[in-house]
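# An overview of the molecular structure
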Amino acid sequence: MNSIWKYPLQVTDEQTIDVPEGSEVLSVQVQNGTPCLWVRVDPAALKVPRKIITHGTGHHVPATTGRYIGTYQIEGGALVFHVFDAA
């Protein structure tokens, strides 16, 4: 049986989160001031590392960044970040 889990994200260029194998990244949004990633998971699956890449608007984005997940804003929209799944 699948579940949807939330993973709080750091505001950083690159981070690794441990998710169950075969997980599907659904969305990125800000909740209570913290960027979060929502992922459909099989809780019984073995956890594996997954690399998440974040680029700010106007920053260089390499072609090999990964699959685009979504965009979030913080600081009242003053900072805009674009999140990619580099799995």
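For the structure, check the block above.
Let us look at the structure shown here. The structure displayed is predicted, hence computed values, not measured ones.

## Topic: the overall build of the protein
Broken down by element type, the protein carries zero helices and seven strands. The globule rule puts the C-alpha radius of gyration for 87 residues at 12 Å, and the 13 Å found for the protein is close to it. On the principal axes, the C-alpha backbone points of the protein span a range of 40 × 30 × 15 Å. Within the span of the protein, comprising 87 residues, buried residues form 33% of the whole. If the 6 positive side-chain charges of the protein are averaged to one point and the 8 negative ones to another, these points end up 4 Å apart.

## Describing the pattern of salt bridges
Evaluation of the coordinates by the stated rule reveals three salt bridges. The salt bridge partner of Glu24 is Arg40, with a shortest N-O separation of 3.0 Å. Placement of the pair is Glu24 in strand 3 (residues 24-31) and Arg40 in strand 4 (residues 34-41), with a sequence separation of 16 residues.

## Examining unusual backbone geometry
Even without being glycine, Asn32 reaches a positive phi, approximately 55 degrees. Along the polypeptide, Asn32 turns up in the loop between strand 3 and strand 4. Under the relative-accessibility criterion, Asn32 is labelled exposed at 77%. A positive phi angle is found at Glu75, which is not glycine, with a value near 55 degrees. Note on placement: Glu75 falls in the loop between strand 6 (67-74) and strand 7 (79-85).

About the cut-offs
Residues numbered from 1 in each chain as written. Predicted model: local features only at pLDDT ≥ 70, side-chain atom pairs only at ≥ 80, totals over all residues. Heavy atoms only, no water. Helix = DSSP H or I, 4+ residues; strand = E, 2+ residues; numbered from the N terminus. Rg over C-alpha atoms; globule rule 2.2 N^0.38 Å. Buried < 20%, exposed > 50% of the residue type's maximum accessible area, 1.4 Å probe, protein only. Lys, Arg positive; Asp, Glu negative; His and termini not counted. Charge placed at Lys NZ, Arg CZ, Asp CG, Glu CD. Salt bridge = Lys/Arg side-chain N within 4 Å of Asp/Glu carboxyl O.

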